[in-house]
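Fold and contact review
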Amino acid sequence: MKKNETYFQQSNGQLALFQPDFIRDADCTKDTPVIYGKPDTPIYGTGKRIRPRVPGRRDSKYMESILLEELLPLESYDLIILLISGGKDSIACYYKLLELGVPKQKIEFWHHDIDGGHPERKMDWRCTSSYIHAFSEAEQVPLRVS
């Protein structure tokens, strides 16, 4: 055993590095049940404002000037632009918006294609552009690429 690793006892007596209810990323779908925590209650259409769970930065005049204490109620926005990279954070943000009750018709994906198909630039994975387009098509959410 490596130092600081935690092992879990399985029903067959074997030790495992992961908890029994551990789900691999490859097995996750949008229908995977929530194991830790709980889904948020939809708030779209209730007039509730979203406040950050962590206080914003106030370490400079600039950061102080752009700090939003809270967002307007989600239904007050004509369009919610989601900057999507294809990574787990932006995909999770999309599903969180749906969980909060935001209609897909109010969401638009924007992706900045850093490499732009240039053979010498290697910032994105080769599959990123195809993945973003396929995800947008599968979810039926408009995509803008810059």
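What comes next concerns the included structure.

Definitions and cut-offs
Residues numbered from 1 in each chain as written. Predicted model: local features only at pLDDT ≥ 70, side-chain atom pairs only at ≥ 80, totals over all residues. Heavy atoms only, no water. Core = buried A, V, L, I, M, F, W, Y, C linked by side-chain atoms within 4.5 Å. Buried < 20%, exposed > 50% of the residue type's maximum accessible area, 1.4 Å probe, protein only. Helix = DSSP H or I, 4+ residues; strand = E, 2+ residues; numbered from the N terminus. Contact = heavy atoms within 4.5 Å. Expected span 1.5 Å × (residues − 1). Arc of directions from axis to C-beta. Salt bridge = Lys/Arg side-chain N within 4 Å of Asp/Glu carboxyl O. Pairing = 2+ DSSP bridges. Axes fitted to C-alpha atoms, helices over the stretch in contact; angles between N-to-C directions. Polar contact = N/O pair within 3.5 Å; in protein donor to acceptor, adjacent residues only side chain to side chain. Right-handed = clockwise from strand over helix to strand, strands pointing away. Parallel < 35°, antiparallel > 145°, perpendicular 65-115°, else oblique. Nonpolar A, V, L, I, M, F, W, Y, C, P; charged D, E, K, R; others polar.

Let us look at the nonpolar core. I84, Y94, I107 and F109 are the most contacted members of the largest nonpolar core, which has 15 residues in total. Elements represented by at least two residues in this core include exactly β3 (80-83), α2 (88-99), β4 (107-111) and α3 (128-139). Tallying contributions element by element places α2 first for this core, with three residues. If sequence neighbours within four positions are ignored, I107 has contacts with L79, I80, Y94, L97, L98, V102, V141 and P142.

With that settled, the discussion passes to α3. When the terminal C-alpha atoms of α3 are compared, their 16 Å separation across 12 residues agrees well with the 16 Å that a helix rising 1.5 Å per residue should span. For α3, the complete set of buried residues consists of T128, I132, F135, S136 and E139. With its buried residues spanning 100 degrees around the axis, α3 presents them on a single face. Among the exposed residues of α3, those oriented more than 90 degrees off its buried face are S130, E137 and A138. The secondary structure elements touched by the buried residues of α3 are α2, β4 and β5 (143-145). Of the residues flanking the end of α3, it is Q140, one or two places downstream, whose phi is positive at about 55 degrees.

Turning to the pattern of salt bridges, a few remarks are in order. Counted according to the given criterion, the structure contains 10 salt bridges. The salt bridge partner of E69 is R51, with a shortest N-O separation of 3.9 Å. Of this pair, E69 sits in the loop between α1 (61-66) and β3 while R51 sits in the loop between β2 (15-16) and α1; the two residues are 18 residues apart in sequence, bridging distant segments of the chain. By sharing partners, the salt bridges in this structure join R49, R51, R58, E64, E69 and E70 into a single network.

We now examine the sheet that holds β5. The parallel open sheet is built from three strands, whose spatial order is β3-β4-β5. Looking at the sheet topology across the chains shown, the edges are occupied by β3 and β5. Taking each pair of neighbouring strands and ignoring which way they run, the sheet shows an average axis angle of 25 degrees. As paired strands, β4 and β5 are joined by three bridges and run parallel to one another. Along β5, the bridge assignment pairs F109 with L143. Against the sheet, α2 contacts β3 and β4, and its axis sits at roughly 155 degrees relative to β3.

Bringing the side chain of E139 into the picture now. For E139, the position within the fold is in helix α3. Among the polar contacts listed, one links the side chain of E139 to the side chain of Y95, at a separation of 3.4 Å.

This part is about the pairing of β3. Covered by surrounding structure in β3 are I80 and L82 only, the residues I81 and L83 on the alternate face being uncovered. In the sheet, β3 pairs with β4 via four bridges, with the strands oriented parallel. Counted as the bridge partner of L83 is W110 from β4. This β-α-β element, β3 to α2 to β4, shows right-handed connectivity.

What follows covers the packing of α2 against α3. Remark: α2 packs on α3, axes separated minimally by 13 Å, with the N-to-C direction vectors making an angle of 10 degrees. In terms of their interaxial angle, α2 and α3 are classed as roughly parallel. Residue-level inspection shows I91, Y94, Y95 and L98 of α2 in contact with α3, the latter providing Y131, F135 and E139. When grouped by side-chain class, the residues that make up the contact of α2 with α3 number six nonpolar, no polar and one charged.

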